[in-house]
Amino acid sequence: MDKCPVCGNTNLISGKKEYQFVESGLDNVILAGVDVTQCPECNEEFVSIPNVVALMDLIAEQIMLKTGRLTGQEIRFLRKNLLMKIAEFATLLGVDRVSLSRWENEQVKPTVANDRLIRLTYATCKKINENTRKKLIERLKDKSPEDTCTERYFIPAFTVGSEVRQSRNS
Ligand SMILES: [Zn+2]
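Computed from a predicted model, the values in this text were never measured in an experiment.

*Asks:* Tell me what's going on with the overall build of the protein, and back it up with residues and numbers.
*Replies:* Counting its secondary structure elements, the protein contains seven helices and four strands. From first element to last, N terminus to C terminus, the protein shows the α and β order β-β-β-α-α-α-α-α-α-β-α. Relative to its full complement of 170 residues, the protein shows a buried share of 20%.

Structure representation (structure tokens):
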């Protein structure tokens, strides 16, 4: 970018910084090393996020493997990552769509068994790789941390790049 699209200023400052990726639908995803261009005239900020599809998959994988219970936002994120509507995902889970809506809206907390069912259904639909499958099994063996915790997902930009390369080779 050589010109600010808002005010037309040509003296722009570029750099890398941490970016709270609220566009993901989650308020706890931080991207590190994101290219940001700033306009000192109008204070507008322009962020370039590479490989959004790979990035969303990477976030979904971290959610699936997280230690605490899934939050409503995270359940919705996993479902949307599979490009499924509520009715479709609910059918796969074997629950009615009202229950799934209530989980997503945090009116009701899914049981530990349902929390795992969501992860396992996601993993099955997403065709995860062997390494991720092993990590998921380790996560499922861990009985202790079942309380909902609000984790922050801290994702370095280079991770997304390498993930993309990996999936092209396989
Ligand atoms: Zn400007």
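Further notes follow.
*Asks:* Could you give me a rundown of the pairing of strand 3 (residues 45-48), with the residues and numbers involved?
*Replies:* One ladder, built from four bridges, connects strand 2 (residues 29-38) with strand 3; its direction is antiparallel. For Q38, the partnering residue across the bridge sits in strand 3 and is E45. Taking the residues between adjacent antiparallel strands as the criterion, strand 2 and strand 3 are bridged by six residues, where N43 takes a positive phi near 65°.

*Asks:* Tell me what's going on with the nonpolar core, and back it up with residues and numbers.
*Replies:* Judged by nonpolar contacts, the single largest core of 21 residues is most densely connected at L31, I59, A60, I63, L78 and I118. Top contributing element to this core by residue count: helix 1 (residues 52-64), with five residues. A domain-level breakdown of this core finds at least three residues from each of domain 1 (13-48) and domain 2 (52-149).

*Asks:* Quick rundown of helix 2 (residues 72-81)? Include the residues and the values.
*Replies:* Here helix 2 lies mainly inside the structure; seven of its 10 residues are buried. Listing the buried residues of helix 2 in full gives E74, I75, R76, F77, L78, R79 and N81. Each element contacted by the buried residues of helix 2 is listed here: helix 1, helix 3 (86-93), helix 4 (97-104) and helix 5 (112-126). Following helix 2 by one or two positions, L83 has its phi on the positive side, about 55°.

*Asks:* Please set out the packing of helix 1 against helix 2 residue by residue, giving values where relevant.
*Replies:* Taken N-terminus to C-terminus, the directions of helix 1 and helix 2 make an angle of 135°; their axes are 10 Å apart at the nearest point. Of the possible angle classes, the one that applies to helix 1 and helix 2 is oblique. Here the hand of the crossing between helix 1 and helix 2 comes out left-handed. Facing helix 1, whose interface residues are M56, D57, A60, I63 and M64, helix 2 presents E74, F77, L78 and N81. For the contact of helix 1 with helix 2, the class distribution of residues is six nonpolar, one polar and two charged.

*Asks:* Run through the environment of L55, naming residues and quoting values.
*Replies:* Within the fold, L55 resides in helix 1. Assessed through the 22 C-beta atoms surrounding it within 10 Å, L55 is described here as buried. Counting along the chain gives 100 residues from L55 to I155, while the straight-line C-alpha distance between them is 8.8 Å.

*Asks:* Explain unusual backbone geometry to me, using residue names and the numbers behind them.
*Replies:* Of note in this structure, N43 is not a glycine but carries a positive phi near 65°. With respect to the helices, strands and loops of the structure, N43 is situated in the loop between strand 2 and strand 3. At K127, a residue that is not glycine, the phi angle is positive and equals roughly 50°. As for its placement among the helices and strands, K127 is situated in the loop between helix 5 and helix 6 (130-141).

*Asks:* Talk me through the confidence of the model for the protein; I want residue IDs and the actual numbers.
*Replies:* When pLDDT is averaged along the protein, the result is 85; 86% of the residues meet or exceed 70. Confidence drops under a pLDDT of 50 for residues 161-170, and excluding neighbours within four residues, the segment shows four contacts in the predicted structure.

*Asks:* Before we move on, can you summarise helix 1 with the specific residues and values?
*Replies:* For helix 1, which comprises 13 residues, the first-to-last C-alpha distance of 18 Å matches the rise-based estimate of 18 Å (1.5 Å per residue) to within 8%. The set of residues buried in helix 1 consists of L55, I59, A60, E61, I63 and M64.

Basis of the calculations
Residues numbered from 1 in each chain as written. Predicted model: local features only at pLDDT ≥ 70, side-chain atom pairs only at ≥ 80, totals over all residues. Helix = DSSP H or I, 4+ residues; strand = E, 2+ residues; numbered from the N terminus. Buried ≥ 20, exposed ≤ 12 C-beta atoms within 10 Å, placed from the backbone. Pairing = 2+ DSSP bridges. Core = buried A, V, L, I, M, F, W, Y, C linked by C-beta atoms within 7 Å. Domains from an automatic or database assignment. Contact = placed C-beta atoms within 7 Å. Axes fitted to C-alpha atoms, helices over the stretch in contact; angles between N-to-C directions. Parallel < 35°, antiparallel > 145°, perpendicular 65-115°, else oblique. Left-handed = near helix turned anticlockwise from the far one by under 90°. Nonpolar A, V, L, I, M, F, W, Y, C, P; charged D, E, K, R; others polar. pLDDT = per-residue confidence, 0-100. Expected span 1.5 Å × (residues − 1).

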